[in-house]
Amino acid sequence: MEFNQVVGTRRSIRFFKPWKPVERSKIQVMLEAANRASRSMNADYPRAIVVHRDDLDEETRAALRNPTTTADLDLAPTYILWYFDLEYINGAQERLNELVDLHVLPPSHGWSKAYVDDLVWPQVLKPIADNQMALMFMGCVETGIAICNAVNAAVDQGLGTCLHAFTAADQVKELLHVPDTWVPVWLQLVGYPAEEPEAGGQRPRRPLSNLFFEGDCNEPWHEDLEVTEYLKREGMIQAPAPFPYRAQEVRMLSRMYGLPE
Amino acid sequence: MTVPAGTGGARPQLDGFASVRRWLDSPGLSSAPACERAGLLDLLVGLCEFTGKEPDALVAECLRTTTSGDTAISAKGRRRAEENIEGYVGSLGLAGHEALVAANRLRGFLIHNGIFMQGPASIS
């Protein structure tokens, strides 16, 4: 699938085919996509545990369930539990120096090993390491970028996926031996969609001019309509929800799985 | 408790409850066949009998008022509602898919009244 199509086709899928397992190779592609995501300091922020619903013992399945995610967990065959490791800052000095060696951070832009060792580490990274709020902020932002890559990789491979609040983190921590320094971010459910991949149409989005600006905040971004038309042809902008048969689609899927209507 | 047993005659009385009207007016049910709506109401009457509570009270018990005066879902109340639903469906002698569907239909009553909850899906 082309990039624009992937971005345009991504939906939060809530009805999966519970009987169809996700190939391990496809999960690896998702993880590698996350691993290749942009990351400040080239630090290793994300951590993930991949679990397959049918491999979980009853105790763990029960621990993951709560009144708000029961059906989701039943329908998705694979879960990816995303965290970041608060210790990501450790080794950042070495990784930056590695980037200097690789000519990624070049002198043309002011970088040198002396700068990393004498200034960046003591004056930038060390204060971050000592600042819990900064650690949390960067950990969440950078891991979110990685998860975004994993989400798009799932869509690219014909999978459905949805991010959920990580509500059973305490129970999971004990059952899956999660280190104390890992902070839960998102629970990602993965499977083959039982609903159409379009899931009833593209979700409403406000126009670019509501969100983005050019020059200053008094100047909304003005869309070039030719570009907008191009993105429609490319599949980034798709037919909006709801498709005329969406209500029926949801009703039929709900009946198939015995869910509330 | 003023809700009579699940007979045809009981259904019109259920319409007097705001929570029941809200449920029946939801997009999925408002156009459902009469027999389907009647079946749902019978289930609800049964739950009311089982718990000794009227429909509006079943919803209210899942809500609480916060210290700032806002309405929030009561985790304890929702858990009790889950237990009541499971207990009632169990008392009907249903099992497997049938039990799951009946329980989820009753969850639908609470869901359409603003109580966010999920039941298990029938996947086996």
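Residues numbered from 1 in each chain as written. Chains lettered and ligands numbered in written order. Predicted model: local features only at pLDDT ≥ 70, side-chain atom pairs only at ≥ 80, totals over all residues. Heavy atoms only, no water.

Considerations on the interface of chain B and chain A
How large an interface is tends to be reported as the accessible area lost when its parts come together.
In step 1: On the chain A side, the residues contacting the 19 residues of chain B number 19 residues.
In step 2: Its largest share of buried area at the contact with chain A, chain B owes to Gln118, Ala121 and Ile123 of chain B, together 37% of the area lost on that side.
In step 3: Put simply, Arg255 of chain A and Glu36 of chain B hold a salt bridge, and the shortest N to O gap is 2.9 Å.
In step 4: Taken together, chain B and chain A are joined by 9 residue pairs in polar contact (both at pLDDT 80 or more).
In step 5: Per-element accounting of the side of chain B that touches chain A gives the leading share, 7 residues, to helix 7 (residues 96-111) of chain B. (Contact = heavy atoms within 4.5 Å. Buried area = accessible area lost by both parts, 1.4 Å probe. Salt bridge = Lys/Arg side-chain N within 4 Å of Asp/Glu carboxyl O. Polar contact = N/O pair within 3.5 Å; in protein donor to acceptor, adjacent residues only side chain to side chain. Helix = DSSP H or I, 4+ residues; strand = E, 2+ residues; numbered from the N terminus.)

Details of the pattern of salt bridges
In step 1: Tallied over the full model, the rule gives 17 salt bridges over all chains.
In step 2: Glu249 of chain A is the salt-bridge partner of Arg246 of chain A, the closest N and O atoms lying 2.9 Å from each other. One end of the pair is Arg246 of chain A and the other is Glu249 of chain A, both in helix 11 (residues 246-257) and 3 residues apart, which spans about a single turn.
In step 3: The closest approach of N and O atoms between Glu61 of chain B and Arg80 of chain B, which form a salt bridge, is 3.6 Å. Placement of the pair is Glu61 of chain B in the loop between helix 5 (55-60) and strand 1 (63-65) and Arg80 of chain B in helix 6 (residues 75-91), with a sequence separation of 19 residues.
In step 4: Note on Arg80 of chain B: relative accessible area 35%, which makes it partly exposed.
In step 5: Overlapping salt bridges bring together Arg39, Asp44 and Arg95 of chain A as one network. (Buried < 20%, exposed > 50% of the residue type's maximum accessible area, 1.4 Å probe, protein only.)

Examining empty space enclosed by the protein
Residues and elements named next belong to chain B.
In step 1: Scanning the model with the defined rule gives 3 cavities of 30 Å³ or more in all.
In step 2: Volume-wise, the largest cavity comes out at about 50 Å³.
In step 3: Taken together, Leu47, Leu58, Glu61, Ala81, Asn84, Ile85 and Leu110 make up the lining of the largest cavity.
In step 4: Per-element tally for the lining of the largest cavity: the top contributor is helix 6, with 3 residues.
In step 5: Partitioning the lining of the largest cavity into residue classes produces 5 nonpolar, 1 polar and 1 charged. (1 Å grid on protein atoms, 1.4 Å probe; cavity = no way out; pocket = protein on both sides within 12 Å on 5 of 7 lines; lining within 4 Å. Points joined across faces, edges and corners; volume = space filled by probe spheres on them. Nonpolar A, V, L, I, M, F, W, Y, C, P; charged D, E, K, R; others polar.)

A closer look at the environment of Val190 of chain A
Residues and elements named next belong to chain A.
In step 1: For Val190, the location among the structural elements is in strand 4 (residues 182-191).
In step 2: Through-space distance from the C-alpha of Val190 to that of Val151 is 9.1 Å; in sequence the pair is 39 residues apart.
In step 3: Val190 has contacts with Phe16, Val22, Ile27, Met30, Ala76, Pro77, Thr78, Ile80, Leu159, Gly160 and Thr161, leaving out every residue within four places of it along the chain.

Here's the deal with the pairing of strand 2 (residues 78-85) of chain A
Residues and elements named next belong to chain A.
In step 1: Counting buried positions over the 8 residues of strand 2 gives 8, a clear majority of the element.
In step 2: Both faces of strand 2 are covered, namely the face carrying Thr78, Ile80, Trp82 and Phe84 and the face carrying Tyr79, Leu81, Tyr83 and Asp85.
In step 3: Both strand 2 and strand 4 contribute to a ladder of 8 bridges, which runs antiparallel. Note on strand 4: the bridge partner recorded for Tyr79 is Leu189. (Pairing = 2+ DSSP bridges.)

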